[in-house]
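A structural walkthrough
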There are 2 protein chains.
Amino acid sequence: MTRSLRIAAAQLGPIARTETRAQVVERMTALMRAANARGAELVVYPELALTTFFPRWYIEDQTEVDAFFETEMPSDETAPLFRAAAELGVAFSFGYAELVREGEGRIRRFNTSVLVSSQGEILLKYRKIHLPGHRDHEAWRPFQHLEKRYFEVGDLGFPVADALGGRIGSAICNDRRWPETFRMLGLQNAELVLIGYNTPQHYPPAPEHDHLQDFHNHLCLQAGAYQNGTWVVGVAKAGLEEGCELIGGSCIIAPTGEIVARCLTRGDEVAVADCDLDRCREIQDNIFSFEKHRQPDQYGLLVKPGT
Amino acid sequence: MTRSLRIAAAQLGPIARTETRAQVVERMTALMRAANARGAELVVYPELALTTFFPRWYIEDQTEVDAFFETEMPSDETAPLFRAAAELGVAFSFGYAELVREGEGRIRRFNTSVLVSSQGEILLKYRKIHLPGHRDHEAWRPFQHLEKRYFEVGDLGFPVADALGGRIGSAICNDRRWPETFRMLGLQNAELVLIGYNTPQHYPPAPEHDHLQDFHNHLCLQAGAYQNGTWVVGVAKAGLEEGCELIGGSCIIAPTGEIVARCLTRGDEVAVADCDLDRCREIQDNIFSFEKHRQPDQYGLLVKPGT
């Protein structure tokens, strides 16, 4: 039995604030059909794939914020994507803003991603842990990055699922910059990590690094892949969205850290690669055999509160 | 007061088994003079810089092994390097095999590096924690990698020193592949990490990755620099040494992860760069502000014994 999985990174170009979920889902479905035509068995979409990247705005009215959140999955508007997956027999992964109503009127909000089987079963759910940006309105910025305001830190840890014949984990956007994320997944024997992102080209606190955004994106993804011997699929929402340019560079990376497929535009685009999950062992059994070479008793500071 | 330090990566070409320490120290001193002529204030040499890389041989006679170790530093043979440093007014860092005699005839052996002031003061000592390779003779290999046999795991943790106007840490060879190493130093506010290495071009357990050795070297060094906002100096022992080809690629890397200077040969060679330690803050205060963005309570698995 082969353990090779044909995967598509399904990059999305910009989504306007006025664009409806139904319109976005139509674009996503078109990408799914294009990927399936190339034999893809798994289609990976970006973070917060269903709407424009709303944390760029300071919005005082919580009702207006909540309009960007999903209260059920699938919903009427996302159902066509699930139906297409069932029709084509492909699994898929995508990010969305998740609103959870708990007892006594308590509401929780997360930046979430799910991996869904072709039959609509949720195989893996992850809620973003490394929320970037800031909590309060910072008027000096040309655009905001209010993820710390609109989302709670994820409460599901870094889960890894046995799915699609392999061990699959997820991370979301800023998570990928932190080697802790990849290591938490690697220590659970992940063979494939699915990552969506929305990354502005311009970083207001240190604009002298703007020209390095693509380099930093790939550097973190490639190091995470190699240092854990796992396949990595990084998928962007890209292009000029509501006046904010987002990087592209969606790619599929081998356990050696090599980029084996990538998108070349900043629009809707699919990149496809055959990912042989058995090749993880070349790295995981040797240079990065955790059992043989890690020294966890020397790493105390890594988990010290306040660091 | 400027916090810019002019640093030289002083790469060494191969060292034959028959070469004496005096001969090697002469080569190192010549590199120090060449670096100083370019204004270097700190000269960084490779791991185990004083002899050939002896863990490539299975040596049964412990006396023969111990001949590769230093019992004092400086010794008569290394004194000329210390004298040149004093004459030129440069600090330097290098690696050596360290033999420590403790009470009751107990002997301990480490793969060690020191940072030394121009006046001969040891500013920082580090003993390698991530020992690669294997413990027992493996006859199938074209050459051995017996660091786990000849050395103990370092017992000094990951120290960081206030020295030369900055915060300086060290790592040795295989340590650099592990993001834990850089993070342990980064959490102590390191601004400069000095790393020597001896890395064979051929990796017997997974020769299908031989062509990626240079890529993997730089990937780990660059990710470690960027993800901690620290300068990194990586220095090779390079070239065809006793039938074993070692990679070069010695380099100086900015806190952005960019390589700003590198060696082009696999012989004795110096690469020099001006390292403005204040530029660390562009990364450390923003995208990798640990205080704002790390989630140490989510990382328990990283320190779990047996992982």
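First, a word on scope: everything that follows refers to the structure included in this document. (Residues numbered from 1 in each chain as written. Chains lettered and ligands numbered in written order. Predicted model: local features only at pLDDT ≥ 70, side-chain atom pairs only at ≥ 80, totals over all residues. Heavy atoms only, no water.)

This part takes up the relation of the copies chain B and chain A. Aligned on chain A, chain B shows an RMSD of 0.0 Å; the corresponding rotation is 180 degrees and the shift along the axis is 0.0 Å. One copy is carried onto the other by what is essentially a two-fold rotation axis. Of the interface residues in chain B, 100% have counterparts in chain A that sit at the interface too, so the contact is made through matching surfaces. (Least-squares fit on C-alpha atoms with pLDDT ≥ 70 in both. Contact = heavy atoms within 4.5 Å.)

With that settled, consider the environment of A:Pro179. Mapped onto the elements of the fold, A:Pro179 is located in helix H5 (residues 179-186). Exposure remark for A:Pro179: the relative accessible area of 9% places this residue in the buried category. Sequence spacing of A:Pro179 and A:Leu264 is 85 residues, and the spatial spacing of their C-alpha atoms is 26 Å. A:Pro179 has contacts with B:Pro179, B:Arg183 and B:Gln227, leaving out every residue within four places of it along the chain. (Helix = DSSP H or I, 4+ residues; strand = E, 2+ residues; numbered from the N terminus. Buried < 20%, exposed > 50% of the residue type's maximum accessible area, 1.4 Å probe, protein only.)

With that settled, consider the interface of chain B and chain A. Taken residue by residue, the interface counts 59 residues in chain B and 59 residues in chain A. Note on chain B versus chain A: buried area summed over both sides is about 5300 Å², and carbon and sulfur give 64% of it. Taken as a group, B:Trp178, B:Gln298 and B:Leu302 account for 12% of the area that chain B buries against chain A, more than any other trio of residues on that side. Where chain B meets chain A, there are four salt bridges. Note that B:Arg294 and A:Glu180 form a salt bridge whose closest N and O atoms lie 2.9 Å from each other. Linking chain B to chain A there are 23 residue pairs in polar contact (both at pLDDT 80 or more). Counting residues per element, the ones that place at least two in the side of chain B that touches chain A are helix H5 (179-186), helix H6 (213-228), helix H7 (280-284) and helix H8 (290-293) of chain B. Split by residue class, the side of chain B that touches chain A holds 28 nonpolar, 20 polar and 11 charged. (Buried area = accessible area lost by both parts, 1.4 Å probe. Salt bridge = Lys/Arg side-chain N within 4 Å of Asp/Glu carboxyl O. Polar contact = N/O pair within 3.5 Å; in protein donor to acceptor, adjacent residues only side chain to side chain. Nonpolar A, V, L, I, M, F, W, Y, C, P; charged D, E, K, R; others polar.)

Take it as geometry only, folks, not as evidence of what the structure does.
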